[in-house]
Amino acid sequence: DETLCRVLPSKHAMTLPPGVRPEAAGMADERRLIAQAQSGDTAAFRTLVERTPDNVLYRTYLAGTLNNSSDALQKLNRAVEARQALEEAVRFQRSAFDRATQSRSFRRDLSMMYRNLSRAYRLEKRQAEALNMTLEQRKLWPNEANELARLLPDLVRAARLSPQDT
């Protein structure tokens, strides 16, 4: 039963990226935003992302927070809000990955978020979107048989959403 699948959290506690020293620049507002972001405040994350568009870590931290909030929303039976949070998480994680394609952890996190979003689409009986997410996930692992094999159950689950031939 897919409703019992566990959505894995994607992020650990946030740490400052190398070279970011808000106190050295006297940026009290930046310190405040970082503290709020560390406590899971998505508005603070969004502000940090807007102010520092080249900082990929802020993007991936925000994506992780949105992914985790979607898990909570699903548990509260707020499926549409959960899916919307996942869609946004994928956009931020994709943006971070596109800026650092060599990062295996960014790739792994994006793959997990694609899987979570595919599941959310399946729960809403949105077959095409579910299949598309799994196919996007496939593109992340072109030469990794083990990762590609992990996609087969998701493809089968999405295929089962098709009406049976009569």
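Quantities reported herein were computed from a predicted structural model and do not represent experimental measurements.

Draft legend 1. Focus on the overall build of the protein. Each helix and strand in the protein was counted, giving seven helices and zero strands. Mapped in sequence order, the helices and strands of the protein form the string α-α-α-α-α-α-α. Long-range pairs, those at least 24 residues apart, make up 58% of the contacts in the protein between residues at least 6 apart in sequence. For the protein, the exposed surface amounts to about 9400 Å²; the carbon and sulfur share of it is 52%.

Draft legend 2. Representation of the environment of Leu-123 within the structure. With respect to the helices, strands and loops of the structure, Leu-123 is situated in helix H5 (residues 104-123). For the pair Leu-123 and Ala-79, spaced 44 residues apart in sequence, the C-alpha to C-alpha distance is 8.2 Å.

Draft legend 3. Here's a closer look at the pattern of salt bridges. Considering all chains together, one arrives at 15 salt bridges under this definition. Between Glu-124 and Arg-83 there is a salt bridge, with its nearest N and O atoms 2.8 Å apart. Remark: Arg-83 occurs in helix H4 (residues 79-99) and Glu-124 occurs in the loop between H5 and helix H6 (127-139); sequence separation between them is 41 residues. Residue Arg-83 is classed as buried on the basis of its relative accessible area, which comes to 10%. Taken together, the shared-partner salt bridges connect Arg-83, Glu-87, Glu-124, Arg-126 and Glu-129 into one network.

Draft legend 4. Up close: helix H1 (residues 28-38). Within the span of H1, buried status applies to Glu-30, Leu-33, Ile-34 and Ala-37. Along the axis of H1, the buried positions cluster into a sector of 100°, meaning they face one direction only. Buried residues in H1 make contact with helix H2 (42-51) and helix H3 (56-75). Where H1 ends, the next residue or the one after it, Gly-40, has phi of about 95°, a positive value.

Draft legend 5. Molecular detail of the environment of Arg-46. In this structure, Arg-46 sits in helix H2. Taking the C-alpha atoms as reference points, Arg-46 and Phe-92, 46 residues apart in sequence, are found 10.0 Å from one another. Discounting chain neighbours no more than four positions away, the residues touching Arg-46 are Leu-62, Leu-66 and Glu-88.

Draft legend 6. Seen up close, the packing of aromatic side chains. Taken as a whole and assessed by the stated rule, the structure comprises zero aromatic pairs. The positively charged end of Arg-107 is found above the aromatic ring belonging to Trp-141, 5.9 Å away from the centroid.

Draft legend 7. Inspection of the environment of Thr-52 at higher detail. Note that Thr-52 resides in the loop between H2 and H3. For Thr-52, a relative accessible area of 24% corresponds to the partly exposed category. Here Thr-52 is in contact with Glu-30 and Tyr-58, once residues within four sequence places are set aside. Of the polar contacts made by the side chain of Thr-52, one reaches the backbone oxygen of Leu-48; its length is 2.5 Å.

Draft legend 8. Looking closely at unusual backbone geometry. One non-glycine residue with positive phi stands out, namely Asn-77, at about 60°. Mapped onto the fold, Asn-77 is located in the loop between H3 and H4. On the accessibility criterion, Asn-77 (70% relative accessible area) is exposed. Look at Lys-125: it is not a glycine, yet its phi comes out positive at around 60°. Within the secondary structure layout, Lys-125 lies in the loop between H5 and H6.

About the thresholds
- Residues numbered from 1 in each chain as written.
- Predicted model: local features only at pLDDT ≥ 70, side-chain atom pairs only at ≥ 80, totals over all residues.
- Heavy atoms only, no water.
- Helix = DSSP H or I, 4+ residues; strand = E, 2+ residues; numbered from the N terminus.
- Contact = heavy atoms within 4.5 Å.
- Areas by Shrake-Rupley, 256 points an atom, 1.4 Å probe, with all protein chains shown as cover.
- Salt bridge = Lys/Arg side-chain N within 4 Å of Asp/Glu carboxyl O.
- Buried < 20%, exposed > 50% of the residue type's maximum accessible area, 1.4 Å probe, protein only.
- Arc of directions from axis to C-beta.
- Phe/Tyr/Trp six-rings, centres within 6.5 Å; stacked < 30°, edge-to-face > 60°.
- Lys NZ or Arg CZ within 6 Å of the ring centre and 35° of its normal.
- Polar contact = N/O pair within 3.5 Å; in protein donor to acceptor, adjacent residues only side chain to side chain.

Geometric descriptors of this kind do not, in isolation, establish any biological role.
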